[in-house]
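Tertiary structure, described
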2 protein chains.
Amino acid sequence: MEYYKQHPRFLTAVDCVVFGYEAGELKLLLYPRAFEPVKGEWSLMGGFVRENESAEEAAHRVLCQTTGLDNIFLEQVYTFSNPTRESVERVISITYFALIRIDRYKRNNTDSFGAKWWPINELPPLIFDHNEVVAQSLRRLEQKAGSSLVGSELLPSRFTLLQLRKLYEAIYQRTFDPGNFRKKVLSLGVLEKLDQKNSTESKKGAYYYKVKPNRVEEELERIVKY
Amino acid sequence: MEYYKQHPRFLTAVDCVVFGYEAGELKLLLYPRAFEPVKGEWSLMGGFVRENESAEEAAHRVLCQTTGLDNIFLEQVYTFSNPTRESVERVISITYFALIRIDRYKRNNTDSFGAKWWPINELPPLIFDHNEVVAQSLRRLEQKAGSSLVGSELLPSRFTLLQLRKLYEAIYQRTFDPGNFRKKVLSLGVLEKLDQKNSTESKKGAYYYKVKPNRVEEELERIVKY
DNA sequence: ACAAAAGTGTTTTCTCTACACCCATGA
DNA sequence: TCATGGGTGTAGAGAAAACACTTTTGT
């Protein structure tokens with residue numbers, strides 16, 4: 001028991017890399033840091049872990065405060081522990097990436113923090129090592145999108161295959177053959193065709209799809225080879 | 001500045017999942033816990049993070065103490081932060097997996113801790129959530145082995161393709177076709193054929209290979225499809 | 001009429017897999 | 001000589017990629 005006493009204790013924070021998708025672009029939610037040091041500079045959503053919550057619970061809490069959303073997809077990415085990564089006091093930072101449906105997102109909550117969605121290719125410089133965190137999270141997002149359909153996390157509940165393809169093109173920064181993408185995705189058997197059609201994006205109109213409710217968690221299939 | 005003061009601080013530990021390969025089997029290095037609670041039960045190599053070191057440095061320090069080796073391959077796996085995962089006081093645990101070449105390993109260091117190599121299929125019950133940690137690390141090892149040749153980390157500096165294949169069979173718990181495995185691995189272009197032959201494992205004798213020194217870090221190729 | 005996306009089908013290319021086969025050699 | 005691994009080659013299955021083509025409809 002005594003053994004525990006002699007060791008140091010550290011502040012523990014969570015930082016959330018919040019991805020959203022809007023207007024054909026993958027976006028990141030950033031906000032100006034509210035306190036010193038580097039107050040006012042752009043930063044990831046973050047907060048300290050409290051006495052009786054896990055890091056994951058802390059991340060959910062932070063996201064709920066800043067976006068008004070709960071039940072958000074979260075995945076742990078990496079823990080940064082460099083003793084000098086923050087200047088005032090050592091902070092252990094556990095990072096998560098989150099996928100947000102911007103159509104559900106409550107702007108009012110965010111505005112009070114000054115948060116802003118940034119296109120993934122036009123990010124401002126971030127505080128501390130947050131740029132590295134974002135880069136790692138992007139790689140993880142690509143990995144996740146490659147083995148499970150991230151459409152349900154980033155798109156509205158109904159979406160066309162064009163919308164899904166454009167999302168994948170935004171994530172992977174490349175184009176996909178429309179025909180092949182359609183066949184591949186439908187062959188996974190996790191999408192359900194709806195009766196409604198979307199006529200805003202093409203003359204002919206495209207059927208809406210949604211992710212089947214009773215699908216298994218992991219598809220085990222490759223959507224994008226890498 | 002004041003903002004920092006009000007938040008709690010936690011003990012921070014590293015736990016190392018140490019893989020080795022010997023006698024055709026993938027093995028895990030475990031040791032009997034040296035202090036209460038659950039003193040004497042089997043546990044991962046672990047230790048607390050000190051004031052002026054990063055978690056990665058702490059993991060290297062722990063490994064050096066217990067195995068006598070430095071410059072070991074380490075990769076961060078996951079951070080466990082459940083407030084009740086340890087019974088005495090809350091501990092944030094950052095886990096790493098390590099790959100050890102048992103041929104280099106110094107037995108004397110380890111014996112003083114009572115450490116023991118366990119075949120991966122015959123692990124004893126571990127303390128706390130360490131069994132889960134091991135399971136996750138195994139998945140990560142499979143992933144790593146799938147996209148980079150782990151031979152250099154787990155095998156002696158010279159190895160035959162039979163030895164490499166047996167290693168992969170131990171990791172993936174399946175067999176690989178000898179001819180196909182050879183072609184696939186050689187096609188990656190990261191192995192260099194040596195002049196020496198190994199005659200202990202076959203009548204004909206097989207050439208030794210080593211990993212090319214100037215290879216790029218990531219191979220970007222799939223060795224094992226998954 | 002035309003452009004643009006929807007949707008389907010075909011061809012080519014490539015990789016994985018299974019498996020046949022010869023070689024070398026120690027027991 | 002026979003069993004065992006070393007090492008090479010080939011044929012078939014299946015997936016990915018390239019791309020041709022037809023449909024629909026707003027402008």
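Residues numbered from 1 in each chain as written. Chains lettered and ligands numbered in written order. Predicted model: local features only at pLDDT ≥ 70, side-chain atom pairs only at ≥ 80, totals over all residues. Heavy atoms only, no water.

Under an unreviewed UniProt entry, chain A has the name NUDIX domain-containing protein and belongs to Mariniphaga sediminis.

Each helix and strand counted, chain A has seven helices and nine strands in total. Principal-axis analysis of the C-alpha atoms places the extent of chain A at approximately 65 × 40 × 30 Å. Residues classed as buried in chain A amount to 54% of the 226 residues present. Of the contacts formed within chain A by residues at least 6 apart in sequence, a portion of 66% connects residues at least 24 apart. Total accessible area on chain A stands at roughly 10,900 Å², and carbon and sulfur atoms take up 48% of it. Between the averaged position of the 33 positive side-chain charges in chain A and that of its 30 negative side-chain charges there is a distance of 7 Å. (Helix = DSSP H or I, 4+ residues; strand = E, 2+ residues; numbered from the N terminus. Buried < 20%, exposed > 50% of the residue type's maximum accessible area, 1.4 Å probe, protein only. Contact = heavy atoms within 4.5 Å. Areas by Shrake-Rupley, 256 points an atom, 1.4 Å probe, with all protein chains shown as cover. Lys, Arg positive; Asp, Glu negative; His and termini not counted. Charge placed at Lys NZ, Arg CZ, Asp CG, Glu CD.)

Take the protein's contact with DNA strand D next. Residues in close proximity to DNA strand D total 17 residues, the closest being Asn-180, Lys-184 and Lys-203 of chain A together with Arg-182 and Lys-183 of chain B. Restricting the count to atoms of DNA strand D within 4 Å of the protein gives a sugar and phosphate share of 58%. Separating a base oxygen of DNA strand D from a side-chain N or O atom of Lys-204 of chain A is a distance of 3.2 Å. Arg-182 of chain B is positioned with one of its side-chain polar atoms (N or O) 2.6 Å from a phosphate oxygen of DNA strand D. Contributions of two or more residues to the surface near DNA strand D are made by helix H7 (178-187) of chain A together with helix H7 (178-187) and strand E9 (206-211) of chain B. Each residue belonging to the surface near DNA strand D can be placed in one class, and the counts come to three nonpolar, four polar and 10 charged. (Near = heavy atom within 4 Å. Polar contact = N/O pair within 3.5 Å; in protein donor to acceptor, adjacent residues only side chain to side chain. Nonpolar A, V, L, I, M, F, W, Y, C, P; charged D, E, K, R; others polar.)

We now examine the interface of chain B and chain A. One frequent convention defines the size of an interface as the accessible area lost when the parts assemble. Across the contact, 38 residues belong to chain B and 38 residues belong to chain A. Where chain B touches chain A, the interface holds two salt bridges. At the junction of chain B and chain A, the tally comes to 14 residue pairs in polar contact (both at pLDDT 80 or more). Broken down by secondary-structure element, the contributors of at least two residues to the side of chain B that touches chain A are helix H1 (2-5), strand E1 (9-22), helix H2 (55-67), strand E5 (73-80) and strand E6 (91-100) of chain B. At four residues, the largest contribution of residues to the side of chain B that touches chain A is made by E1 of chain B. In terms of residue class, the side of chain B that touches chain A is built from 18 nonpolar, nine polar and 11 charged. Summarising the sheet, strand E1 (residues 9-22) of chain A and E1 of chain B pair through three bridges and their orientation is antiparallel. Bridge pairing in E1 of chain B links Leu-11 of chain A to Arg-9 of chain B. (Salt bridge = Lys/Arg side-chain N within 4 Å of Asp/Glu carboxyl O. Pairing = 2+ DSSP bridges.)

It is worth spelling out the pairing of E1 of chain B at this point. Residues and elements named next belong to chain B. Counting buried positions along E1 yields 12 of 14 residues, so the element is predominantly enclosed. Two strands pair when backbone bridges link them, and E1 and strand E4 (residues 45-48) are joined in this way by four bridges, in the antiparallel orientation. Its bridge partner being in E4, Asp-15 is matched across the sheet by Gly-46. Sheet topology note: the E1/strand E2 (residues 25-32) ladder contains five bridges and is antiparallel. Looking across to E2, one finds that Gly-20 is bridged to Lys-27.

Within the structure, DNA strand C sits among 16 residues, and Arg-182, Lys-183 and Tyr-207 of chain A together with Asn-180 and Lys-203 of chain B are positioned closest to it. Protein-proximal atoms of DNA strand C, defined as those within 4 Å of the protein, fall in sugar or phosphate at a share of 63%. Contact distances for DNA strand C include 3.3 Å between a base nitrogen and a side-chain N or O atom of Lys-204 of chain A. One of the backbone nitrogen or oxygen atoms of Lys-203 of chain B is found 3.4 Å away from a sugar or linking oxygen of DNA strand C. If you list the elements that add at least two residues to the surface near DNA strand C, you get H7 and strand E9 (206-211) of chain A together with H7 of chain B. Along the lines of polarity and charge, the residues of the surface near DNA strand C split into three nonpolar, four polar and nine charged.

When chain B is fitted to chain A, the residual RMSD is 0.2 Å, and the transformation amounts to a turn of 178° plus an axial shift of 0.1 Å. Look at the turn and shift together and you get a two-fold axis relating the two. A shared binding surface is used by both copies, with 100% of the interface residues of chain B retained as interface residues in chain A. (Least-squares fit on C-alpha atoms with pLDDT ≥ 70 in both.)

Right, let's get into the domain arrangement of chain A. Residues and elements named next belong to chain A. On domain assignment, one finds that chain A holds domain 1 (2-147) and domain 2 (151-211). Between the C-alpha centres of domain 1 and domain 2 the distance comes to 29 Å. Tallying the contact residues gives 18 residues for domain 1 and 14 residues for domain 2. Contact between domain 1 and domain 2 buries roughly 1,300 Å² in total, counting both sides, with carbon and sulfur atoms accounting for 60%. Taken as a group, Tyr-21, Arg-101 and Ala-145 account for 45% of the area that domain 1 buries against domain 2, more than any other trio of residues on that side. Seen at the junction of domain 1 and domain 2, the total is zero salt bridges. Taken together, the links from domain 1 to domain 2 amount to six residue pairs in polar contact (both at pLDDT 80 or more). Elements that contribute at least two residues to the side of domain 1 that touches domain 2 include exactly E1, strand E2 (25-32) and helix H4 (130-147). Sorting elements by how many residues they give to the side of domain 1 that touches domain 2 places H4 first, with five residues. For the side of domain 1 that touches domain 2, a count of residues per class yields nine nonpolar, four polar and five charged. (Domains from an automatic or database assignment. Buried area = accessible area lost by both parts, 1.4 Å probe.)

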